[in-house]
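# Coordinate analysis (summary)
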Amino acid sequence: MINFSIGSLLSRDKDNKMISFESLVPQSGKNICQDDNCKCNVDFHILTNEDSFLEVPKYHRNLVDLHINYDDYVLIYVSIGGNNVRGCQVKIDKIIQEEDKVIIKIKRLLPSASNFSLEVVNVPYDLVKIKRNKLIKKGLLDFQFVDQCDKLLYSETLKID
């Protein structure tokens, strides 16, 4: 059996389809956390209907005014929490589909040393929507979340019609 790393999957352009998405959370420019051993607790959710939005923590449900038609869109939510995160953010950087795999590449962002940052504990998150018709294939899709170092963080298989 031959295994490919996530990095090699991302580098094969002919088989990949970049999926466009729209961020529902404003982002500011920060430095990327390049630490391979980053201990951030990252939470992932793929939202395919109104009930699945209940999986998102309450404090984030109230921050976004959503009038989403789930027949047309899929939402992808990531957050960092549980670590007394100070000034950090998380961002969905790329979404790529290869056959029945959807690879969501995330970046953990740290405040710049030159930027003033209050020592406030926050729960950073990103929320994006993608059009269902942008997905190459319907049916069972394996959503794989990887970090900026191409390390697999989470995987979930969902049925998308």
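Details of the structure are given in the entry above.
A short tour of the structure in this document, coming up. (Residues numbered from 1 in each chain as written. Predicted model: local features only at pLDDT ≥ 70, side-chain atom pairs only at ≥ 80, totals over all residues. Heavy atoms only, no water.)

As a further point, take the side chain of Lys129. Within the secondary structure, Lys129 sits in strand 8 (residues 125-131). We classify Lys129 as buried; its relative accessible area is 15%. In this structure Lys129 touches Phe21, Glu22, Leu24, Ile68, Tyr73, Val74 and Leu75, once residues within four positions along its chain are discounted. (Helix = DSSP H or I, 4+ residues; strand = E, 2+ residues; numbered from the N terminus. Buried < 20%, exposed > 50% of the residue type's maximum accessible area, 1.4 Å probe, protein only. Contact = heavy atoms within 4.5 Å.)

Looking now at the sheet that holds strand 5 (residues 73-80). Strand order in the open sheet made by the four strands is 2-8-5-4, with antiparallel pairing throughout. Edge positions in the sheet fall to strand 2 (22-23) and strand 4 (42-47), since each of these pairs with one other strand and no more. Sheet topology places strand 4 next to strand 5; six bridges connect them, and they run antiparallel. Paired with Phe44 across the two strands is Val78, which belongs to strand 5. (Pairing = 2+ DSSP bridges.)

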